[in-house]
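Now for the letters of each chain:
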Amino acid sequence: MEIMGDLLEKVREFASHDFTKEEAQKLFGWNVRDIAVKSKESDESYIYITFENQYTLFIRYFLNLDPTETEDTCEFTLGLHTDLRSRIKYDIHYAGYIHGQGYIRLRIAETKNRMQQIVLEEFYVPALKNVYKPIILKFEGFYSRDFFGVEAAPGNGEIFYAPVRYRSEHKAARIGEVMGRLTELDLLLKEPQIRHALAENDLQLSLLPSMVWSDL
């Protein structure tokens with residue numbers, strides 16, 4: 001396999017096999033640590049594969065009702081596990097304006113506690129953006145619509161590349177270059193000043209009155 005399109009073909013082939021560690025290892029060529037399978041609906045399935053080399057594949061198989069799109073039946077996201085953690089789950093990645101100026105797209109986990117949600121939106125989100133703003137251009141992709149991003153939660157963290165499917169222009173990206181950028185971003189996010197700033201954000205949340213974190 002040389003390009004992401006080759007990996008997409010392997011993902012499509014995997015749909016015709018049993019979703020087992022053995023089949024995944026045979027098809028993708030990496031030792032598999034774990035594999036999780038979930039079907040939300042009868043026409044969609046989700047597969048999450050964790051490899052022993054810390055890379056991950058998140059695969060979504062779906063039923064495409066468009067008769068002209070017979071090849072477009074799945075997508076995958078290539079990721080890399082990281083030791084980055086966050087008290088509040090968030091997902092942040094690079095996005096581009098029409099004129100090419102990069103900006104940050106950020107999502108945080110929603111909560112039923114209205115007071116907590118207000119605090120997160122007014123304090124935590126701007127603080128996160130301030131940390132990532134100086135480095136967000138490092139998360140730029142290789143094409144016009146692709147990107148790199150990071151997801152962090154209390155129990156896990158992952159750096160990921162934009163989802164790839166049949167009509168994605170970035171399926172032509174070289175796998176080695178994608179993996180290299182994931183590793184580069186992992187090292188970047190390990191820099192002491194970045195970790196300190198992110199830890200400081202979480203610390204400030206812990207100093208808020210306990211009633212903010214209680215259910216209303």
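Above this text is the structure in question.
Residues numbered from 1 in each chain as written. Predicted model: local features only at pLDDT ≥ 70, side-chain atom pairs only at ≥ 80, totals over all residues. Heavy atoms only, no water.

Chemist: Can you tell me about the side chain of Thr56, naming the residues and giving the values?
Modeler: Its location among the elements puts Thr56 in strand E3 (residues 55–62). Looking at Thr56, its side chain comes within polar contact range of the side chain of Glu158, at 2.4 Å. Sequence-distant contacts of Thr56, that is, excluding residues within four places in its chain, are made with Tyr48, Ile49, Thr50, Phe51, Thr77, Leu78, Gly79, Leu80, His81 and Glu158. (Helix = DSSP H or I, 4+ residues; strand = E, 2+ residues; numbered from the N terminus. Polar contact = N/O pair within 3.5 Å; in protein donor to acceptor, adjacent residues only side chain to side chain. Contact = heavy atoms within 4.5 Å.)

Chemist: Could you give me a rundown of the environment of Leu120, with the residues and numbers involved?
Modeler: Examined against the element boundaries, Leu120 turns out to sit in helix H3 (residues 114–132). Residue Leu120 is classed as buried on the basis of its relative accessible area of 1%. Residues Leu120 and Ile88 lie 32 residues apart in sequence; the distance between their C-alpha atoms is 8.7 Å. (Buried < 20%, exposed > 50% of the residue type's maximum accessible area, 1.4 Å probe, protein only.)

Chemist: Pulling in residues and values, what's your account of the pattern of salt bridges?
Modeler: A complete count under the given rule lists nine salt bridges for this structure. Of the charged contacts, one joins Arg12 and Glu9 as a salt bridge, the two residues approaching to 3.2 Å between their closest N and O atoms. Pair noted here: Arg12 and Glu9 are both in helix H1 (residues 4–14), with a separation of three residues, about one helical turn. Glu44 is paired through a salt bridge with Arg60; the nearest N and O atoms lie 3.3 Å apart. Taken together, the residues Glu44 in strand E2 (residues 44–51) and Arg60 in strand E3 connect sequence positions 16 residues apart. Here Glu44 matches Arg60 in class, with each residue buried. Residues joined in a network through salt bridges with shared partners are Glu44, Arg60, Glu75 and Arg165. (Salt bridge = Lys/Arg side-chain N within 4 Å of Asp/Glu carboxyl O.)

Chemist: Outline the packing of aromatic side chains, listing residues and values.
Modeler: According to the stated counting rule, one finds 14 aromatic pairs in the structure shown. Between Trp30 and Phe51 the ring centres are 5.1 Å apart and the planes differ by 85°, which places this aromatic pair in the edge-to-face class. Placement of Trp30 in the loop between helix H2 (21–28) and strand E1 (32–41) and of Phe51 in strand E2 is noted, with a sequence separation of 21 residues between them. Given the relative accessible area of 23%, Trp30 is considered partly exposed. On the basis of relative accessible area, Phe51 is assigned to the buried category, the value being 0%. Ring geometry for Tyr90 versus Tyr132: centroids 6.1 Å apart, planes at 70°, classification edge-to-face. (Phe/Tyr/Trp six-rings, centres within 6.5 Å; stacked < 30°, edge-to-face > 60°.)

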